[in-house]
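So the chains spell out like this:
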Amino acid sequence: MISSEDGGCQMIQSEEVIRNHPQALDLYEKQLIEMGQLSKEEIDALHKKVNSILNEEFINSKEYVPNRRDWLAAYWTGFKSPEQLSRIRNTGVKPEILKNVGKTITSVPETFKPHRAVKRIYDQRAQMIETGEGVDWAVGEALAFATLLVEGNHVRLSGQDVERGTFSHRHSVLHDQETGERYCPLDHVIINQPEEMFTVSNSSLSEFGVLGFELGYSMENPNSLVLWEAQFGDFANGAQVIFDQFISSGESKWLRQSGIVVLLPHGYDGQGPEHSSARLERYLQMSDDNPFVIPEMDPTLRTQIQQCNWQIVNVTTPANYFHVLRRQINRDFRKPLIVMSPKNLLRHKDCKSNLSEFDDMQGHPGFDKQGTRFKRLIKDQNDHSDLEEGIKRLILCSGKIYYELDEERQRLQRKDVAICRVEQLCPFPYDLVQRELKRYPNAEIVWCQEEGMNMGAYSYIAPRLTTTMTALGRGKYEDIKYVGRAPSAATATGFSQVHVKEQREVVETALQSAPINFP
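Residues numbered from 1 in each chain as written. Predicted model: local features only at pLDDT ≥ 70, side-chain atom pairs only at ≥ 80, totals over all residues. Heavy atoms only, no water.

Chemist: I keep staring at the pairing of strand β12 (residues 393-397) and nothing clicks. Help me out?
Modeler: Burial analysis of β12 places five of its five residues in the buried class, the great majority of the element. Alternating positions in β12 separate into two faces, R393, I395 and C397 on one and L394 and L396 on the other, with burial throughout. Here β12 runs beside strand β13 (residues 417-422); their pairing, made up of five bridges, is parallel. Following the sheet pairing, C397 is matched in β13 by R421. (Buried < 20%, exposed > 50% of the residue type's maximum accessible area, 1.4 Å probe, protein only. Helix = DSSP H or I, 4+ residues; strand = E, 2+ residues; numbered from the N terminus. Pairing = 2+ DSSP bridges.)

This is the structure:
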């Protein structure tokens, strides 16, 4: 291919014009002199200075010996490659630490005068910490940040309107209504906390530029939790090049790890096609795990996440969100994390966690056989035994649709239906799905989602769920009953009434008494 700068294929007239045209530098120097900004002598002095620096560095380069103690060696020592086994660590925190940091992040100085609505929110948060009940999404996130800060890690959050939160839920930076002074509770988690330990910054609507910068930041220091949040999930399409060329494939191409967290608000709330979907299917389609091979799933031998190019989650509780953020730092490798973050769950009456689900105390709700950590799958919340032969339908789902399904199940008193939440979609939790299939041996298996059939997680889940079922002799692909919207070019309807009707149909179909037809 001939370069556009190669004159070999240009017209003779064009080549002559280009050759005789003054250089951009000469034109710029002439303009500066005419404007009186610089004299000819000053410009010559700048030329001499720059040429001197370049010549000196060129001479030194001939004797240069590379120094192995670069930043990778300094900051990344001890981190493991995908071929090296990394032990799974607990992410629970001591109850006294949770209480202490909880009080700090829910209080403001007595002389500070925040907006009365924000003051009311902070009073409610303080009550959550005091009682240990009803912890919401924003407090769960703040507790994750605060406990990581206590452990000496840097936390950095940027994106569009992240200080307040697009949905007015975060309020990480407060403003005095009389003086305009700013106050950030997370800047005061530890005594004499350096100002730069916690950074939260509103960014411009330049997704490509900002996400690219944050990706680079995450690669510089593995002891930083670096997060970028899109205002709505589909705004990330402005940064698609960063996802395609760098985040999804950077480790494979250049052996460079990154623990960047991408928060993409996602969920069908009737806000129309531009504010409903974070395009979950795109990220799942770029995942490199083999859908037809169940990897080693023993907790002491599992390297599934290390072998995968990234992690994709659709979390449904504040406690699980807390643990998945802390998991990013509390392990000796780094992997990008794509979060389908909620919108209406931020204030949903049932989307709450008790403080005991955040701690490391044996016997508390979040503690299981392995300790307290992120739950890749949340089993049915009814008190089911290890074998429930009377359950007729097992609904697997992910995200906020769970709460609508559970509400309808309670209304219909369908005690013969179990609902499990797949919190980590990628890499697929084969072991936990197998556990649930064994628990409900006679159940019809349903995958339920809000999105259209050509969107959401269905195309990713179906072959992996088929592999899981085949290994247990539970059926084939056609035995997975799909419940969700029909295939569509647009992500969602723009009419509120149509949205309500479609959503209702999804929920009712999933809980209907008659068998569900495939697909």
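Here the narrative resumes, following the displayed structure.
Chemist: Is there a simple way to explain the sheet that holds strand β11 (residues 377-378) in this structure?
Modeler: Within the open sheet, the five strands sit side by side as β11-β13-β12-β15-β16. Their pairing is mixed. Whereas interior strands pair on both sides, the edge strands pair on one side only; in this sheet they are β11 and β16 (480-485). Its contacts with the sheet put helix α14 (residues 401-412) on β12, β13 and β15 (444-452), and the angle it makes with β13 is roughly 170 degrees. (Contact = heavy atoms within 4.5 Å. Axes fitted to C-alpha atoms, helices over the stretch in contact; angles between N-to-C directions.)

Chemist: Help me understand unusual backbone geometry in this model?
Modeler: Most peptide bonds are trans, and most residues other than glycine sit at a negative phi. P427 follows C426 through a cis peptide bond whose omega is -10 degrees. With respect to the helices and strands, the residue P427 is situated in the loop between β14 (424-426) and α15 (430-439). Even without being a glycine, S168 presents a positive backbone phi close to 55 degrees. When you line up the elements, S168 lands in the loop between β1 (154-159) and β2 (174-175). A positive phi angle, near 55 degrees, is found at N192, a position not held by glycine. With respect to the helices and strands, the residue N192 is situated in the loop between β3 (182-183) and β4 (198-202).

Chemist: Would you mind showing me how to read empty space enclosed by the protein here?
Modeler: Empty space among the atoms becomes visible once a probe the size of a water molecule is rolled across them. If you walk through the whole model with that rule in mind, you get three cavities of 30 Å³ or more. By volume, the largest cavity is sized at about 160 Å³. As for the largest cavity, its lining consists of 22 residues, of which H266, N314, S398, G399 and K400 are closest to the centre. Those elements giving two or more residues to the lining of the largest cavity turn out to be β8 (337-341) and β15. At five residues, β15 tops the list of elements feeding residues into the lining of the largest cavity. By residue class, the composition of the lining of the largest cavity is nine nonpolar, nine polar and four charged. Counted as a void, the second largest cavity has a volume near 130 Å³. In this structure, the second largest cavity is lined by 16 residues; those nearest its centre are R125, A142, R170, S172 and L186. Looking at the lining of the second largest cavity, the elements that each hand over two or more residues are α6 (116-131) and α7 (137-150). Looking at the lining of the second largest cavity residue by residue, the class counts come to ten nonpolar, three polar and three charged. (1 Å grid on protein atoms, 1.4 Å probe; cavity = no way out; pocket = protein on both sides within 12 Å on 5 of 7 lines; lining within 4 Å. Points joined across faces, edges and corners; volume = space filled by probe spheres on them. Nonpolar A, V, L, I, M, F, W, Y, C, P; charged D, E, K, R; others polar.)

Chemist: Explanation requested: the pattern of salt bridges in the structure shown.
Modeler: Should their charged atoms come close, side chains of opposite charge can pair. What the rule picks out here adds up to 33 salt bridges. The partner of D416 in a salt bridge is R414, and the shortest N-O contact between them spans 2.8 Å. Take R414: its relative accessible area is 14%, and that puts it in the buried class. A salt bridge links E502 to R485; the nearest nitrogen and oxygen atoms lie 2.9 Å apart. Pair noted here: E502 is in helix α17 (residues 496-510) and R485 is in strand β16, with a separation of 17 residues, a long-range link. Sharing partners across several salt bridges, the network here consists of D269, K343, K400, E404 and E450. (Salt bridge = Lys/Arg side-chain N within 4 Å of Asp/Glu carboxyl O.)

Chemist: Help me understand the sheet that holds β14, please; the structure alone is not making it clear to me.
Modeler: Neighbouring strands of a sheet are bound in pairs by backbone hydrogen bonds; such pairs are parallel or else antiparallel. Taking strand neighbours across the sheet as the criterion, the seven strands line up as β4-β1-β5-β6-β8-β7-β14 in an open arrangement whose pairing is mixed. At either margin of the open sheet sits one strand with a lone partner, and together these are β4 and β14. Within the sheet, the average angular offset between the axes of one strand and its neighbour, ignoring direction, is 20 degrees. Pairing between β1 and β4: five bridges, direction parallel. If you follow G159 over to β4, its bridge partner there is N202. Together, β5 (224-229), β6 (261-265), β7 (311-313), β8 and β14 form the strand contacts of helix α13 (residues 318-329), whose direction differs from that of β5 by roughly 130 degrees.

Chemist: Just checking my understanding: could you explain the side chain of K343 for this structure?
Modeler: Position of K343 relative to the elements: it lies in the loop between β8 and β9 (367-368). We classify K343 as buried; its relative accessible area is 7%. In this structure the side chain of K343 is engaged in a polar contact, spanning 2.5 Å, whose partner is the backbone oxygen of H275. Ignoring any residue separated from it by four or fewer positions in sequence, one finds K343 in contact with F167, F232, P265, H266, G267, D269, Q271, H275 and S276. (Polar contact = N/O pair within 3.5 Å; in protein donor to acceptor, adjacent residues only side chain to side chain.)

Chemist: Even after reading the chapter, I still don't get α13, so can you show me in this structure?
Modeler: Three or four residues apart is the spacing at which side chains of an α-helix point the same way, because the helix has 3.6 residues per turn. A large share of α13 lies buried, amounting to twelve of its twelve residues. Restricting attention to buried positions, one finds in α13 the residues P318, A319, N320, Y321, F322, H323, V324, L325, R326, R327, Q328 and I329.

Chemist: What exactly am I supposed to notice about the environment of I242 here?
Modeler: Of note, I242 is situated in helix α9 (residues 240-247). Taking the C-alpha atoms as reference points, I242 and H384, separated by 142 residues in sequence, lie 44 Å from one another. With near-sequence residues (within four places) excluded, I242 lies in contact with F208, L211, G212, L215 and I247.

Chemist: Is there a simple way to explain the packing of aromatic side chains in this structure?
Modeler: What describes a pair of aromatic rings is the distance from one ring centre to the other and the angle between the planes of the rings. Here the structure, examined in full by the defined rule, presents 14 aromatic pairs. Where F167 meets F232, the ring centres are 5.4 Å apart and the plane angle is 90 degrees; that geometry is what we call edge-to-face. Of this pair, F167 sits in the loop between β1 and β2 while F232 is found in the loop between β5 and α9, placing the two residues 65 residues apart along the sequence. Residue classification places F232 among the buried residues on the basis of a relative accessible area of 11%. For the ring pair Y283 and W310, a centre distance of 5.9 Å and an interplane angle of 55 degrees mean the geometry is tilted. Pair noted here: Y283 is in helix α11 (residues 280-285) and W310 is in the loop between α12 (304-307) and β7, with a separation of 27 residues, a long-range link. Residue Y283 shares its accessibility class with W310, and that shared class is buried. By the ring-pair criterion, three or more aromatic residues cluster together here, those being F167, F232 and F235. Geometry around Y122 places R125 over its ring, the cationic atom sitting 5.1 Å from the centre. Above the ring of Y460, the side-chain terminus of R464 is found at 3.6 Å from the ring centroid. (Phe/Tyr/Trp six-rings, centres within 6.5 Å; stacked < 30°, edge-to-face > 60°. Lys NZ or Arg CZ within 6 Å of the ring centre and 35° of its normal.)

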